[in-house]
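The primary structure of each chain is shown beneath.
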Amino acid sequence: MNADSRSAMPDMQPEVPKATCMDDPASLVHFEPLSALWLDTLLPIEEQAYVHPWSRGNFQDAMVAGNEIQLLVNAEHELLGYFVAMAVLDEVHLLNITVNPAFQRQGWARVLLDALALWARQKSAQWIWLEVRQSNERAREIYLKHGFAEVGLRKNYYPNPDGPRENAVLMSLNLWP
């Protein structure tokens, strides 16, 4: 099943309340699945957000694999952010989550994480797992505030363009504590 043929988050598609993160009550946002049409918009955001961004092929492979890929889009059809997640048995692994740098520090990461948790619960997942660069203190703080716990370290996990590989902090969220 690919991202174009599935009904992504069928029961999860509630609109984010009109009082959004951006103090503009008229700005509505919605989620929609990644399609090939969105890739050209998404890739420059991915490249701007990360030192080692996903490639077009990574996103296409995720779509073909049937991973959940949801885009957060505003009323002006601007891409605010997105997440890519994989459900396996009673766990969900967050593979990628990105807030468009032009919209960071406005609460959109929380909206994306809430949507991810709702989707994971619909999949009857017990846990959400993720890795984050050890140096990415801002992201780690967001995850901790969202209820994730730091549970381990993956040594030399992330590539670095200008030096040695970087450790990843392994984090998990128990969805049914």
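Notes on the structure in this doc start here. Remember, it's a predicted structure, so these values are computed and weren't measured experimentally.

## Considerations on the sheet that holds strand β3 (residues 79-88)
Moving on, step 1. Strand order across the open sheet formed by seven strands is β1-β2-β3-β4-β5-β7-β6, with mixed pairing between neighbours. At either end of the open sheet lies a strand with only one pairing partner, and these are β1 (29-33) and β6 (149-158). If you compare each strand with its neighbour and ignore which way they point, the axes differ by 25 degrees on average.
Moving on, step 2. As judged from the three bridges shared by strand β4 (residues 91-99) and strand β5 (residues 127-133), these two strands associate in the parallel manner. Looking at the pairing, V92 lines up with I128 of β5.
Moving on, step 3. Its contacts with the sheet put helix α1 (residues 36-49) on β1, β2 (68-74), β3 and β4, and the angle it makes with β3 is roughly 90 degrees.
Moving on, step 4. On top of the sheet, helix α3 (residues 108-122) reaches β1, β2, β3, β4 and β5; it is set at about 155 degrees to β4, its chief contact.

## Brief notes about the pattern of salt bridges
Moving on, step 1. Tallied over the full model, the rule gives six salt bridges.
Moving on, step 2. With a shortest N-O distance of 4.0 Å, R110 and D114 are connected by a salt bridge. With R110 and D114 both in helix α3 and four residues apart, the pair spans about one turn of that helix.
Moving on, step 3. A salt bridge links E166 to R133, with the nearest nitrogen and oxygen atoms 3.0 Å apart.

## Things to note about the nonpolar core
Moving on, step 1. Of all hydrophobic cores here, the largest spans 32 residues; its most connected members are F83, L116, I128 and Y143.
Moving on, step 2. Considering every element that reaches this core, the biggest residue donor is α3, with ten residues.
Moving on, step 3. Excluding residues within four positions of it along the chain, L116 makes contact with F83, A85, V92, L94 and I128.
Moving on, step 4. L34, L39, A62 and M63 belong to the second largest nonpolar core, which has 15 residues in total.

## Focus on the environment of A149
Moving on, step 1. Within the element layout of this structure, A149 appears in strand β6.
Moving on, step 2. Overall, the relative accessible area of 33% leaves A149 in the partly exposed class.
Moving on, step 3. Expressed as a C-alpha distance, the spacing of A149 and S172, which sit 23 residues apart in the sequence, is 5.5 Å.
Moving on, step 4. Sequence-distant contacts of A149, defined by excluding residues within four places in its chain, comprise L144, L170, M171 and S172.

## Observations regarding the packing of aromatic side chains
Moving on, step 1. Under the defined criterion, the tally for this structure stands at five aromatic pairs.
Moving on, step 2. With a centroid separation of 5.0 Å and an interplanar angle of 85 degrees, the aromatic rings of Y157 and Y158 are classed as edge-to-face.
Moving on, step 3. Accessibility expressed as a relative area gives 34% for Y157, which makes it partly exposed.
Moving on, step 4. We classify Y158 as buried; its relative accessible area is 18%.
Moving on, step 5. An aromatic cluster is defined as three or more aromatic residues linked by ring pairs; in this entry it consists of W54, F59 and Y82.
Moving on, step 6. Looking at R121, its charged tip hangs above the ring of W176, at a distance of 5.7 Å from the centre.

Rules used in this analysis
Residues numbered from 1 in each chain as written. Predicted model: local features only at pLDDT ≥ 70, side-chain atom pairs only at ≥ 80, totals over all residues. Heavy atoms only, no water. Pairing = 2+ DSSP bridges. Helix = DSSP H or I, 4+ residues; strand = E, 2+ residues; numbered from the N terminus. Axes fitted to C-alpha atoms, helices over the stretch in contact; angles between N-to-C directions. Contact = heavy atoms within 4.5 Å. Salt bridge = Lys/Arg side-chain N within 4 Å of Asp/Glu carboxyl O. Core = buried A, V, L, I, M, F, W, Y, C linked by side-chain atoms within 4.5 Å. Buried < 20%, exposed > 50% of the residue type's maximum accessible area, 1.4 Å probe, protein only. Phe/Tyr/Trp six-rings, centres within 6.5 Å; stacked < 30°, edge-to-face > 60°. Lys NZ or Arg CZ within 6 Å of the ring centre and 35° of its normal.

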